[in-house]
Amino acid sequence: GSMAKGKGTAGAGDKQKDVRMANIISAKQVADAVRTSLGPRGMDKMIVKEKGEVIITNDGATILNKLEVNHPCAKMLVELSKAQDVEAGDGTTSVVVLCGSMLKAAQTLLGKEIHPSDVAASFLKCGKLAHEILQDMSTKIDIHDRETLIKAAITSLSSKVVS
């Protein structure tokens, strides 16, 4: 019998692909767990802990903290959320959902046999472009312009339960 693709060992590259896909899938599952809790119409999640403790919340950070995640890649998404919380104090769910969407796009590209290095290089290029676009559309504000600062605060807090 002939070997697959004329190589002496079957599937060294296949094993790598399988590991890569398992990583993407586990991280996407974490993103999917919080995606539907995002925004003003976010749905509540009921989390039942081992000892029967029940938590009902639509706060992404709480959901991520209460999830018992074992897979290393899934844990990275939980850590990403915590890092976002430390850095900005907000956007903990958004950053995980965005990451999940990017992983879904990467999965599609890898499925089209595009080399992982090319996918990574393209994401870096897109990141730089997104940064430029955000810089161009941003508005400089004067720290002493009270009215503009209040408008910005109202906008950013409108998604939070502060009313």
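Preceding this paragraph is the structure being described.
All of the points below concern the structure found in this document. (Residues numbered from 1 in each chain as written. Predicted model: local features only at pLDDT ≥ 70, side-chain atom pairs only at ≥ 80, totals over all residues. Heavy atoms only, no water.)

**Regarding the packing of helix α4 (residues 92-111) against helix α5 (residues 116-137)**
Each pair of packed helices can be summarised by the angle the axes make with each other and by the distance between the axes.
Turning to step 1, where the next piece is worked out: In contact at an axis separation of 10 Å, α4 and α5 are set at 140° when each is read in the N-to-C sense. Relative to α5, the element α4 lies oblique. Two packed elements cross with a definite hand, and for α4 against α5 that hand is right-handed. Where α4 abuts α5, its residues Met-102, Ala-105, Ala-106, Leu-109 and Leu-110 lie against Pro-116, Val-119 and Phe-123.
Turning to step 2, where the next piece is worked out: Along the lines of polarity and charge, the residues of the contact of α4 with α5 split into eight nonpolar, no polar and no charged. (Axes fitted to C-alpha atoms, helices over the stretch in contact; angles between N-to-C directions. Helix = DSSP H or I, 4+ residues; strand = E, 2+ residues; numbered from the N terminus. Parallel < 35°, antiparallel > 145°, perpendicular 65-115°, else oblique. Left-handed = near helix turned anticlockwise from the far one by under 90°. Contact = heavy atoms within 4.5 Å. Nonpolar A, V, L, I, M, F, W, Y, C, P; charged D, E, K, R; others polar.)

**Let's talk about the nonpolar core**
Turning to step 1, where the next piece is worked out: Ranked by internal contacts, the top residues of the largest apolar core, which has 21 residues, are Val-30, Val-34, Leu-64, Leu-77 and Val-96.
Turning to step 2, where the next piece is worked out: Secondary-structure elements contributing two or more residues to this core are α1 (12-35), α2 (60-66), α3 (72-88) and α4.
Turning to step 3, where the next piece is worked out: It is α4 that contributes the most residues to this core, six residues altogether.
Turning to step 4, where the next piece is worked out: Ignoring any residue separated from it by four or fewer positions in sequence, one finds Val-30 in contact with Leu-64, Ala-74, Leu-77, Val-78 and Val-96. (Core = buried A, V, L, I, M, F, W, Y, C linked by side-chain atoms within 4.5 Å. Buried < 20%, exposed > 50% of the residue type's maximum accessible area, 1.4 Å probe, protein only.)

**Considering the pattern of salt bridges**
Turning to step 1, where the next piece is worked out: Within the structure shown, the criterion is met by five salt bridges.
Turning to step 2, where the next piece is worked out: One salt bridge connects Glu-68 with Lys-49, and the closest N-O pair in it is separated by 3.3 Å. Here the residue Glu-68 occupies a position in the loop between α2 and α3, and Lys-49 occupies one in the loop between β1 (45-48) and β2 (54-57), the gap between them amounting to 19 residues.
Turning to step 3, where the next piece is worked out: What makes Glu-68 exposed here is its relative accessible area of 54%.
Turning to step 4, where the next piece is worked out: Overall, Lys-49 belongs to the buried group, its relative accessible area being 19%. (Salt bridge = Lys/Arg side-chain N within 4 Å of Asp/Glu carboxyl O.)

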